[in-house]
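These are the residues of each chain, in order.
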Amino acid sequence: MIVIGVGHLADHLGVHRNTIRNWIREGKLPARSAPGKGYMLKEDDFNKVCQEFGLDPARLKVRRLASRGPGALASGFASPEVRTIGRRSTRLRPTPQWADVCLTCGSCASSCPISGVDGLDPRKALRMVTLGLEEELIASQWPWKCTLCGKCEEACPMNVELVAMFRAVRGLRPRDQVPGPLHKGVLMCLSRGNNLGIPRDDFLYLLEELGQELAEECCPGFRVPVDQEGANLMVTINSKEPFGEPDDLKFWWKIFHAAGESWTVPSENWEGVNWGLFTGDDESMKTFVGRIVDNMQRLKCKTLLLPE
Ligand code: SF4
Ligand code: SF4
């Protein structure tokens, strides 16, 4: 496995560094992010790219990584593999290079908006994973205090994926110990299509009533376009609005009305807040995303608006 800086690779291939990023995103170049703003490629793939561009691989400045066995370079915070350090076992598996390259510089901690709340320090959390103190981290409040804002990752000079780490730790907490109503909301959304379990008829009645109010207040002729096939914009909704703050919905609607926008709200599976994402529940997260995609396809909408 070799590591090469994106700028260095771009210079030698004679393309813009964004082109390299696009190739990677589109799967044309089988590389992945490496610590220190570079990319990792298998030696064979690297040689193939050099060959395609008529380059001598030996002329490029690269770093070679020693193999650590199958999967050692996988982006593996959520990997189910088991690793043992001393007498402790762990279900989290930090990419070894990232753990090795953490400088303990503290840039993550100093950019974190809640650093210090209940002692939270992303750098310490990473060390806990690295040292196999996984159960302690899963049981702690830190992963749930983290807002998943990603500022720590932005600040990290070594590309450590701290957000993925915190999400994976959340996902390992037993579901009945997920704080607050989050997991209940996931179950509710799975069974009833929104986090607060608002029945379809109540939702549609509310939209009609609020639409009439808005028409009388300031938007003559206004009505909420439900399941409008071919609308430009499909809008999802945070269930707390119809549940407790229905007038907030009107702010968006006024803008759509004034702009003459073509928009719609689906009558089912309209929830825009994905608590599967927040709780590290990947399967539920995918289900909720899939429902939105299904609605987009069913209604043939071009653009999705997730107001959360
Ligand atoms: S910013 Fe990155 S390198 Fe620095 S302590 Fe945090 S995780 Fe480690
Ligand atoms: S993602 Fe979490 S740990 Fe990182 S900066 Fe945001 S709140 Fe802090």
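All figures in this text were calculated on a predicted structure; none of them were measured in a lab.

The rules behind the values
- Residues numbered from 1 in each chain as written.
- Chains lettered and ligands numbered in written order.
- Predicted model: local features only at pLDDT ≥ 70, side-chain atom pairs only at ≥ 80, totals over all residues.
- Pairing = 2+ DSSP bridges.
- Helix = DSSP H or I, 4+ residues; strand = E, 2+ residues; numbered from the N terminus.
- Contact = placed C-beta atoms within 7 Å.
- Axes fitted to C-alpha atoms, helices over the stretch in contact; angles between N-to-C directions.
- Near = placed C-beta within 6 Å.
- Buried ≥ 20, exposed ≤ 12 C-beta atoms within 10 Å, placed from the backbone.
- pLDDT = per-residue confidence, 0-100.
- Nonpolar A, V, L, I, M, F, W, Y, C, P; charged D, E, K, R; others polar.

Let's talk about the sheet that holds strand β9 (residues 303-305)
Inference 1: Pairing within the open sheet is parallel, and its three strands lie in the order β8-β7-β9. Each edge of the open sheet is held by one strand with a lone partner, namely β8 (263-264) and β9.
Inference 2: Against the sheet, helix α16 (residues 282-299) touches β7 (233-235), β8 and β9, its axis set at about 140° to β7.

Notes on the site of ligand 1
Inference 1: Around ligand 1, the surrounding shell holds 15 residues, and the nearest of these are C102, C105, S107, C108 and C156.
Inference 2: Elements supplying a minimum of two residues to the shell around ligand 1: α5 (107-111) and α6 (122-130).
Inference 3: Per-element accounting of the shell around ligand 1 gives the leading share, three residues, to α6.

Side note on the pairing of strand β3 (residues 38-41)
Remark: a regular strand shows side chains that alternate across the two faces of the sheet.
Inference 1: Of the two faces of β3, the one lined by G38 and M40 and the one lined by Y39 and L41 are each fully buried.
Inference 2: For strand β1 (residues 2-5) and β3, the ladder comprises four bridges, and the chain directions are antiparallel. Counted as the bridge partner of V3 is M40 from β3.
Inference 3: With four bridges joining them, strand β2 (residues 31-34) and β3 adopt antiparallel strand pairing. Its bridge partner lying in β3, A34 is registered against G38.

Some points on the sheet that holds β1
Inference 1: Sheet architecture is open: four strands sit in the order β2-β3-β1-β4, paired in antiparallel fashion. Each of the sheet's edge strands pairs with one partner strand only, and the pair in question is β2 and β4 (63-64).

Here's the deal with the confidence of the model for the chain
Inference 1: The predicted model of the chain averages 86 in pLDDT, with 87% of residues at 70 or higher.
Inference 2: Contacts from residues 67-89, a stretch scored under 50 in pLDDT, to residues over four places away or in other chains number 38 contacts.

What about the site of ligand 2?
Inference 1: By nearness alone, 15 residues border ligand 2, and C112, C146, C149, K151 and C152 come closest of all.
Inference 2: Those elements giving two or more residues to the shell around ligand 2 turn out to be α9 (151-155) and α10 (162-172).
Inference 3: For the shell around ligand 2, the element with the highest residue contribution is α10, accounting for three residues.
Inference 4: Partitioned by chemical class, the residues of the shell around ligand 2 number 11 nonpolar, three polar and one charged.

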